[in-house]
Amino acid sequence: MDLLEYQGKQLFARHGIPVPDGRPARTVDEAVAAAKEVGFPCAIKAQVKIGGRGKAGGIKIASDEDEAREHSGAILGMDIKGFTVHEVWVETAAPQIESEYYASIVFDRGAKAPLIMLSTQGGMDIEEVADTNPGAIATLHVDPLLGFQDYHGRRLAFEAGVDADLVRPVGAFLHQLYGTFIAEEALLVEVNPLIVTPERKVAALDAKVTLDDNALFRHPDNANLRDPSDEDPQEQMAHERGLTYVKLDGDIGILGNGAGLVMSTLDVVAHYGGAPANFLDAGGGSKAEAITSAVEVILSDDKVKAVLFNIFGGITRCDEVANGLIEAFKTLEPSVPFVVRLDGTNDVEGRRILADADLPNVTTAATMDEAAQKVVALAKGEVLA
Amino acid sequence: MSVLIDNDTKLVVSGITGREGTFHALNNQRYGTNVVAGVTPGKAGQDVEGIPVFNTFRDAVAETGANVAMIFVPPRFAADSILEAADAGIPLVICITEGIPAHDELRVYTQLQRTGTRLVGPNCPGILSPGKANVGIIPASFFKEGNVGVVSRSGTLTYQIGNTLAQAGFGNSSIVGIGGDPVPGSSFIDIIELFQADDQTELIVLSGEIGGDAEERAAEYIADNVTKPVVAYIAGFTAPPGKTMGHAGAIVSGSKGTAAAKAEALESKGVRVGRTPTEVADLAMEILGR
Ligand SMILES: Nc1ncnc2c1ncn2[C@@H]1O[C@H](COP(=O)(O)OP(=O)(O)OP(=O)(O)O)[C@@H](O)[C@H]1O
Ligand SMILES: [Mg+2]
């Protein structure tokens, strides 16, 4: 789960990391009131879960009330890389920034250890630095069972070329950042920029935090930060029913069990010239009710012209899937054609149940290839031979 | 032969008294796997249809000589259970549990590197050595003994590919699900190394998917160490690119991780990649000449 900048900063503050004082606001009036509370000059910052807000015009400094009104009015409702800004964060502007550093800790799957990165060339062009001058980014993997040691901080600071008087404060900052990463079970904590003030102090001016969904049961406060309005309405509906659903652009609804098989189904449909409308994983052990819900979610997308069921039963039983489909037809009376392929646990039983039910508009297929070819033809409005 | 599990396997199941645990332990036993014990804290002295239950892995190992553990407990208890099995000296732990926190997986992985315990999973369907033993949830009736070794990150996709191969007349030495979690205990490379050394295996099928760089690493390893033919499949060519927030991901992995990048990495090392599961079977037929 990704956090908004200000949610990340609130998390940082709980772990003693210095961040500017600020307030969230959802309307221009709220933003102006917030600006008066934090004082001028203040930064007005778009809250969307994507990087590069500054370059997109989503971050502006206001030196008085009029500017606060003007900037928040411009930023609220703005579109940044497909994300609409519904909220701004109004925070004390750093009066003078001597340097912008970059600091992050990422859960490095490849190396199987937390990876700390530090650079003195932070700011909005860090990706370019990574491309053209990777040596400017100091990196270090931490042994997860040993944890952060003070020398890690010193080594990174010296290697990144941090000024001598800042080696200790930067090391201490990284220590706190590592503490946050571990305590909150994050997959990413990134601070860009980590600023140096004229008083030679460091502070986090930005926060990008990704938390591990699987660990939220241990962090109820963080779990409450989930914002259902982030999700597309169909995705939200699927989520509430315990299904994994991702909306795509095509017109062929897809249901399968197991993420790998569903991904493969999308590929095979595309291979035969079709365009999938969604990814839907009904999960291992899909029960009849789950199937009914899944059909409802798929059909709630009115672009869908035909639906493919591709089931290979392991824990999932094909007879359960067949019964779920029959139930779904009773309650939802779908008007689009379905192609169903059932293999695996109890497949013979499942196919017999479907044959007996003789549902209108349902075609069966013996293999994944045949199923994909049929559904592609049906979505194009062709009549099957 | 086969890899990892066979007729010498003595299985202990953690979570055997739970609904799913009981169902699959008995299912594995019915297939012919020697299930010698279960572990559920506080339930020592009970049994599950004759399989004795112990409080700890230590007791189970001391009493039964168990040499493989299967973990079937809920996510919040799974890391602890894996560590306990390793501490009891069990050399192979197979974890079926899905949804374990990533930081737990990281601690477990690091500790197991030190104890020398092999972990397969988590979030995997287990291992099947047809005709010998089945540990996990793979529907065994679809597979027969043969010369194709399969290693896969996804459960149901493994069945799909295994089944396509079976319909083309191939059997399997072993089918190993390594799971799709951020920190799998065993990588493609670990399992491919075993298949390379296994005399029953004549062809290796690798089934990967988008994300991470395990397939790219496997490609490098195969080029340098594997003499047997390898056929690969990668799922996720049409998956939409995930939106990333920070810069760290891009700095670490660049363009790695897409299906196209993985297929290209494998093909550049001479591994043939099937575009559909059916094509994988076609390639197997071409190579093994049937
Ligand atoms: N409180 C502040 N005071 C002064 N300047 C600020 C403040 N917040 C942000 N800025 C300036 O705006 C720039 C961009 O802000 P920030 O890093 O928060 O957003 P971003 O553009 O989304 O980040 P990224 O490029 O890392 O994705 C900063 O590098 C900094 O120069
Ligand atoms: Mg930034």
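Here the structure is a predicted model, which means the values were calculated and not measured. (Residues numbered from 1 in each chain as written. Chains lettered and ligands numbered in written order. Predicted model: local features only at pLDDT ≥ 70, side-chain atom pairs only at ≥ 80, totals over all residues. Heavy atoms only, no water.)

*Asks:* Quick one: what's the story with the overall build of chain A, residue by residue and with numbers?
*Replies:* Across its full length, chain A holds 13 helices and 18 strands. C-alpha extents for chain A along the principal axes are approximately 80 × 50 × 40 Å. Relative to its 385 residues, chain A shows a buried fraction of 55%. Counting only contacts in chain A whose residues sit at least 6 apart along the sequence, the fraction spanning at least 24 positions is 69%. For chain A, the accessible surface area stands at approximately 15,900 Å², while carbon and sulfur atoms represent 49% of it. In chain A, which carries 34 positive and 60 negative side-chain charges, the distance between the mean positions of the two groups comes to 2 Å. (Helix = DSSP H or I, 4+ residues; strand = E, 2+ residues; numbered from the N terminus. Buried < 20%, exposed > 50% of the residue type's maximum accessible area, 1.4 Å probe, protein only. Contact = heavy atoms within 4.5 Å. Areas by Shrake-Rupley, 256 points an atom, 1.4 Å probe, with all protein chains shown as cover. Lys, Arg positive; Asp, Glu negative; His and termini not counted. Charge placed at Lys NZ, Arg CZ, Asp CG, Glu CD.)

*Asks:* Let's hear about the domain arrangement of chain B: which residues, and what values?
*Replies:* It is common to report an interface's size as the accessible area lost on association of the parts. All names here are of chain B. According to the domain assignment, chain B consists of domain 1 (10-120) and domain 2 (143-288). Once you take the C-alpha centre of each, domain 1 and domain 2 turn out to be 27 Å apart. Counting from both sides, the interface comprises 7 residues of domain 1 and, opposite them, 11 residues of domain 2. Between domain 1 and domain 2, a total of about 800 Å² is buried, with carbon and sulfur atoms accounting for 54% of that surface. The three residues of domain 1 that bury the most area against domain 2 are E105, R118 and V120, which together make up 55% of that side's buried surface. For the side of domain 1 that touches domain 2, the secondary structure elements donating two or more residues are helix 4 (102-115) and strand 7 (118-120). If one sorts the elements of the side of domain 1 that touches domain 2 by residue count, helix 4 sits on top with 4 residues. Looking at side-chain class alone, the side of domain 1 that touches domain 2 contains 5 nonpolar, no polar and 2 charged residues. (Domains from an automatic or database assignment. Buried area = accessible area lost by both parts, 1.4 Å probe. Nonpolar A, V, L, I, M, F, W, Y, C, P; charged D, E, K, R; others polar.)

*Asks:* Describe the coordination of the magnesium ion (ligand 2), naming the residues involved and giving the relevant values.
*Replies:* At 2.0 to 2.2 Å from the magnesium ion (ligand 2) lie its protein donor atoms, namely A:N192 (O) and A:D206 (OD). Residue A:N192 is located in strand 10 (residues 186-196), and its partner A:D206 is located in the loop between strand 11 (202-204) and strand 12 (208-211); the two are separated by 14 residues in the primary sequence. (Donors = N, O, S within 2.8 Å, 3.2 Å for Na, K, Ca; no water.)

*Asks:* Let's hear about the pattern of salt bridges: which residues, and what values?
*Replies:* Residue and element names in this part refer to chain B. Applying the stated criterion across every chain, the model contains 41 salt bridges over all chains. Residue R153 is joined to E215 by a salt bridge in which the shortest nitrogen-to-oxygen separation is 2.6 Å. Of this pair, R153 sits in the loop between strand 10 (145-152) and helix 5 (155-167) while E215 sits in helix 7 (residues 214-225); the two residues are 62 residues apart in sequence, bridging distant segments of the chain. A residue is classified by how much of its surface remains accessible, and E215, at 0% relative accessible area, is buried. (Salt bridge = Lys/Arg side-chain N within 4 Å of Asp/Glu carboxyl O.)

*Asks:* Lay out the interface of chain A and chain B with the relevant residues and their values.
*Replies:* Across the contact, 66 residues belong to chain A and 56 residues belong to chain B. Taking both partners together, chain A and chain B bury about 4,700 Å²; carbon and sulfur atoms supply 65% of that area. At the surface where chain A touches chain B, the tally comes to 2 salt bridges. For the salt bridge of A:D143 with B:R114, the shortest nitrogen-to-oxygen distance reads 2.6 Å. Inspection of the region where chain A meets chain B yields 12 residue pairs in polar contact (both at pLDDT 80 or more). Examining the composition of the side of chain A that touches chain B, we find that 9 residues originate from one element, helix 9 (residues 259-271) of chain A, more than from any other. (Polar contact = N/O pair within 3.5 Å; in protein donor to acceptor, adjacent residues only side chain to side chain.)

*Asks:* Give a detailed account of helix 3 (residues 75-87) of chain B, specifying residues and quantitative values.
*Replies:* Residue and element names in this part refer to chain B. Counted at 1.5 Å a residue, the expected span for helix 3 with its 13 residues is 18 Å, and the 19 Å between its end C-alpha atoms agrees. Restricting attention to buried positions, one finds in helix 3 the residues A78, A79, S81, I82, A85 and A86. One side of helix 3 holds all its buried residues, which, seen down the axis, span an arc of 165 degrees. Opposite the buried face of helix 3, by more than 90 degrees, sit the exposed residues D80 and D87. Buried residues along helix 3 sit against strand 1 (10-14), helix 2 (57-64), strand 5 (68-71), strand 6 (92-95), helix 4 and strand 7. (Expected span 1.5 Å × (residues − 1). Arc of directions from axis to C-beta.)

*Asks:* Run through unusual backbone geometry, naming residues and quoting values.
*Replies:* Residues and elements named next belong to chain A. Omega for the bond connecting F40 with P41 falls within 30 degrees of zero, at -5 degrees, which places this linkage in the cis form. Looking at where P41 falls in the secondary structure, it is placed in the loop between helix 2 (28-38) and strand 2 (42-46). Of note, E333 is a non-glycine position whose phi angle comes to about 40 degrees, a positive value. Mapped onto the fold, E333 is located in the loop between helix 11 (318-332) and strand 17 (338-344).

*Asks:* Tell me about the domain arrangement of chain A, and please be specific about residues and values.
*Replies:* For chain A, the assigned domains read domain 1 (21-92), domain 2 (99-223) and domain 3 (232-379). Summarising the inter-unit geometry, the C-alpha centres of domain 1 of chain A and domain 3 of chain A are found 44 Å apart.

*Asks:* So what about the packing of aromatic side chains? Which residues, and what values?
*Replies:* Evaluation of the coordinates by the stated rule reveals 7 aromatic pairs over all chains. The interplanar angle of 40 degrees and the centroid separation of 5.9 Å between the aromatic rings of A:F148 and A:Y178 together place this pair among those described as tilted. A residue pair is termed long-range when its members are at least 10 positions apart, and A:F148 in the loop between strand 9 (137-141) and helix 5 (150-160) and A:Y178 in helix 6 (residues 167-183) qualify at 30 residues. The same class applies to A:F148 and to A:Y178, which are both buried. With 6.1 Å between their ring centres and 55 degrees between their planes, A:F312 and B:Y159 make a pair best called tilted. Of the two residues, A:F312 sits in strand 16 (residues 306-313) while B:Y159 sits in helix 5, which places them in two different chains. The exposure class of B:Y159 is buried, given its relative accessible area of 3%. Taken together through their ring pairs, the aromatic side chains of A:F148, A:Y178 and A:F181 make up a single cluster. Between A:K112 and the ring centre of B:Y109, over which it is positioned, the NZ or CZ distance is 5.2 Å. (Phe/Tyr/Trp six-rings, centres within 6.5 Å; stacked < 30°, edge-to-face > 60°. Lys NZ or Arg CZ within 6 Å of the ring centre and 35° of its normal.)

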